[in-house]
Amino acid sequence: MQKVYEALQQGREIRKNLIELKKMLKEEGALDTYLSMTEDDELLASFLQDEDAKTRKNAALVLGLLLSQESLDKLWDAYLAETQLFVKSAYLAAMQKLDCRVYEAQLKERYRQLSAYEPKEEEQKHIQEELKELRRLVMQFDGGISSHKFTGYHKPQDFVLTTLKNYQDTTSVQIENGSTKVIPMGVQVNGGSIQEALKIRTFRELLFTLRCNKNLPPRPSVIASEFVKADLLGLLNRMHEGEPVFYFRLEIKSAMPLEKKSKFAKRLAAEIEQQTGRMLINATDHYEVELRLIENRNRGFYPCMKLYTIPMKRFSYRKYTTASSMHPSMAALLVELASNWLKEYAKVMDAFCGTGTLLIERMYALAVRTAYATDTFGDAILGARENAAIAHMNINFIQRDFMDFTHEMLFDELWADMPARSKKTKEEQDSFYQAFFEKAPTLLAERGRIFLYSDENGLVKKYLRLFQSLQIKQEFCIREKDGVYFYIIEQKP
């Protein structure tokens, strides 16, 4: 850093060294190192007057990283004097790191003026960048994004509950109000109750449908226009307490290349802001609305909306997870599929419990007498205990290999989310399944049942043929492409 600073003092390769200094200052402890060399930012502030626009831009960003409050007035003057649009956002980004309340009125007025401005095509990108940084400053002045309270619980709503493919009916039959229709992504509900839907555990997401073309062309201006025609802003206002502005993010589910998708999203966000009169504002964080576009086979987009203003408490117990944790809606679906085979006040065990999701969902479905769970991963066991405590469930978690577990009590139900092959060879995986099917019957009561989730259909069938005391009562293909099945297996008397 010393060499870079000396090069700047000597006026050598200013832009290059500013870029290098900017990179260095992002590293931990770098600011203290710089301040130990000098606390005088006059040199760096002088580069705000450089004839090279990129030098001015990098000088502004460096001053922001230095938290140089003394440079605030110079940054403001440079911002006002800047003629190159692509540089202006850099001054604002730097000012966000400083106390710039002295310029609050001017910045808010600039934001108002620029929001009303219709930029030329060649200006749009840079104007949007400037607006984004101005918006962040205005939000700071206003104490952040104002929150809205969802109030649409008791009003009939149109929405989609996303579900696992081929198992939409498992969720659909639980809906009492409104009409339902099975669609590829889940269950379409018209005139349904949000309050009722939030009690259902087998869906993954709740998405609102928009009353516009369901096959939107990949043209940002057209999509934004359709959102306006669908009275998107009015829909948000009717479902919430509080005044606009609403902050949103875009989620584009598409096979288009990442760079193309990013460019498409930026253009669409700008169009939505402009066509809604800035009543809908794109934000990278603290957003309350997600506008989602799902690409279909015809390269068109199905539009829907997710609201983060609705408290989702179905799985609030799930504080701790691991990378391999089962999604709770999947666990709830498996339990629902097994509902005809569950025993009330059963003695239940989970062989590979992880952080406890599957066992907790089983216990939500029907009361159990006692519950045990094993796992070799200590952190998972600790997390499982915390999750169970939050759910107010009494579960005996034991850090131990299931294959070594013994107990005088025999279990009515043995649940097992079988570990994925991971780094195991085929031979090692085969040996693991053999050990499981040897062990499981020793822990089962007469007519006890195994509820097995596995992506090794061949091995499951192999060992069921070898261990004839076990028989499949029912099986479900969960994901055919990945060979994932859910089996209900019973021990013969």
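Reading the values: rules and limits
- Residues numbered from 1 in each chain as written.
- Predicted model: local features only at pLDDT ≥ 70, side-chain atom pairs only at ≥ 80, totals over all residues.
- Heavy atoms only, no water.
- Disulfide = S-S within 2.5 Å.
- Buried < 20%, exposed > 50% of the residue type's maximum accessible area, 1.4 Å probe, protein only.
- Axes fitted to C-alpha atoms, helices over the stretch in contact; angles between N-to-C directions.
- Helix = DSSP H or I, 4+ residues; strand = E, 2+ residues; numbered from the N terminus.
- Parallel < 35°, antiparallel > 145°, perpendicular 65-115°, else oblique.
- Left-handed = near helix turned anticlockwise from the far one by under 90°.
- Contact = heavy atoms within 4.5 Å.
- Nonpolar A, V, L, I, M, F, W, Y, C, P; charged D, E, K, R; others polar.
- Lys, Arg positive; Asp, Glu negative; His and termini not counted.
- Salt bridge = Lys/Arg side-chain N within 4 Å of Asp/Glu carboxyl O.
- Polar contact = N/O pair within 3.5 Å; in protein donor to acceptor, adjacent residues only side chain to side chain.
- Pairing = 2+ DSSP bridges.
- Phe/Tyr/Trp six-rings, centres within 6.5 Å; stacked < 30°, edge-to-face > 60°.
- Core = buried A, V, L, I, M, F, W, Y, C linked by side-chain atoms within 4.5 Å.
- Right-handed = clockwise from strand over helix to strand, strands pointing away.
- Arc of directions from axis to C-beta.

1. A word on the state of the cysteines
All told, the structure shown has 0 disulfides when counted by the stated rule. Cys304 forms no disulfide, and the closest cysteine sulfur to it belongs to Cys212, at a distance of 10.0 Å. By relative accessible area, which is 1% here, Cys304 ends up buried.

2. Here we look at the packing of helix 15 (residues 328–337) against helix 16 (residues 357–365)
Between helix 15 and helix 16, whose axes approach to 9 Å, the crossing angle comes to 50°. Here helix 15 lies oblique to helix 16, going by the angle between them. Crossing handedness for the pair helix 15 and helix 16: right-handed. Mapping the contact onto sequence places Pro328, Ala331, Ala332, Leu334 and Val335 in helix 15 and Thr357, Leu358, Glu361, Arg362 and Ala365 in helix 16. By residue class, the composition of the contact of helix 15 with helix 16 is 7 nonpolar, 1 polar and 2 charged.

3. A look at the side chain of Glu226
With respect to the helices, strands and loops of the structure, Glu226 is situated in helix 12 (residues 220–229). One buried charged residue, Glu226, remains without a salt bridge, the closest side chain of opposite sign being Lys229 at 4.1 Å. Among the polar contacts made by the side chain of Glu226, one reaches the main-chain amide nitrogen of Asn213 at a distance of 3.4 Å.

4. Quick look at the sheet that holds strand 11 (residues 346–350)
Strands sit in the order 13-12-11-14-15-17-16 across an open sheet of 7 strands; the sheet is mixed. The open sheet is flanked by strand 13 (396–399) and strand 16 (470–479), the only strands paired with a single partner. On average, each strand axis in the sheet is inclined to that of its neighbour by 15°, with strand direction left out of account. Pairing of strand 11 with strand 12 (residues 368–375) involves 5 bridges; the strand directions are parallel. Residue pairing in the sheet places Lys347 in a bridge with Thr370 of strand 12. Packed onto the sheet, helix 19 (residues 457–466) meets strand 15 (444–454), strand 16 and strand 17 (484–491) and runs at close to 15° relative to strand 17.

5. Quick notes on the environment of Met37
Locating Met37 in the fold gives a position in helix 3 (residues 30–37). Assessed through its relative accessible area of 25%, Met37 is described here as partly exposed. Taking C-alpha positions, Met37 is 7.6 Å from Gln2, a pair spaced 35 residues apart along the chain. When residues no more than four places from it in sequence are discounted, the contact partners of Met37 are Met1, Gln2 and Tyr5.

6. Structural notes on the packing of aromatic side chains
All chains considered together, the criterion is met by 23 aromatic pairs. Taking 6.2 Å as the distance between ring centres and 25° as the angle between the ring planes, the aromatic pair formed by Trp415 and Phe486 counts as stacked. Here Trp415, found in strand 14 (residues 411–417), pairs with Phe486, found in strand 17; they are 71 residues apart in sequence, far enough to count as distant. Trp415 gets classed as buried once you look at its relative accessible area, which sits at 0%. Relative accessible area serves as the criterion here: at 1%, Phe486 is assigned to the buried category. Taking 6.3 Å as the distance between ring centres and 40° as the angle between the ring planes, the aromatic pair formed by Tyr463 and Phe467 counts as tilted.

7. Quick word on unusual backbone geometry
You will see that Tyr345, though not glycine, has its phi angle at about 55°, which is positive. Of note, Tyr345 is situated in the loop between helix 15 and strand 11. Tyr345 sits in the partly exposed class, given a relative accessible area of 47%.

8. Considering the sheet that holds strand 4 (residues 186–192)
An order of 3-4-2-5-10-9-7-8 is seen for the 8 strands of this open sheet, with the pairing classed as mixed. Edge positions in the sheet fall to strand 3 (179–183) and strand 8 (280–282), since each has one partner strand and no second. Each adjacent strand pair in this sheet contributes to an overall mean axis angle of 35°, direction not counted. The sheet contact formed by strand 5 (residues 206–209) and strand 10 (residues 301–307) spans 2 bridges and is antiparallel.

9. Comments concerning the nonpolar core
Judged by nonpolar contacts, the single largest core of 46 residues is most densely connected at Leu44, Leu75, Met95 and Leu107. Elements that contribute at least two residues to this core include exactly helix 1 (2–9), helix 2 (14–25), helix 4 (42–46), helix 5 (53–65), helix 6 (72–81), helix 7 (85–95), helix 8 (104–116) and helix 9 (124–141). At 7 residues, the largest contribution of residues to this core is made by helix 9. Excluding its chain neighbours within four sequence positions, the residues that come into contact with Leu75 are Leu48, Ala60, Leu63, Tyr91, Ala94, Met95 and Leu98. Within the second largest apolar cluster, 42 residues are counted, among which are Val187, Phe208, Leu210 and Met239.

10. Examining the pairing of strand 12
Burial within strand 12 is extensive, with 7 of its 8 residues counted as buried. For the handedness criterion, the β-α-β arrangement of strand 11, helix 16 and strand 12 is classed as right-handed. Relative to strand 13, strand 12 is paired through 4 bridges, and the arrangement is parallel. Bridged to Ala373 within strand 13 is Phe397. A crossover connection joins strand 12 to the parallel strand 13 through helix 17 (residues 378–390); in handedness this β-α-β unit is right-handed.

11. Overview of helix 19
For helix 19, the full list of buried residues reads Leu459, Val460, Tyr463 and Leu464. For helix 19, the arc enclosing every buried residue in end-on projection is 130°, short of the 170-degree limit, so these residues lie on one face. Within helix 19, the exposed residues directed more than 90 degrees away from the buried face are Gly458, Arg465 and Leu466. Contacts from the buried residues of helix 19 go to helix 18 (426–443), strand 15, strand 16 and strand 17.

12. A look at the pattern of salt bridges
Counted by the stated rule, this structure contains 29 salt bridges. Note that Arg299 and Glu295 form a salt bridge whose closest N and O atoms lie 3.4 Å from each other. Taking the relative accessible area as the measure of exposure, Arg299 reaches 51% and is therefore exposed. A residue is classified by how much of its surface remains accessible, and Glu295, at 18% relative accessible area, is buried. Here Arg362 and Glu413 are joined by a salt bridge, their closest N and O atoms 2.7 Å apart. Linking Arg362 in helix 16 with Glu413 in strand 14, this pair joins segments that are 51 residues apart in sequence. For the pair shown, Arg362 and Glu413 are each scored as buried. Salt bridges sharing partners connect three or more residues here, namely Glu205, Arg249, Glu251, Lys253, Glu290, Arg292 and Lys306.

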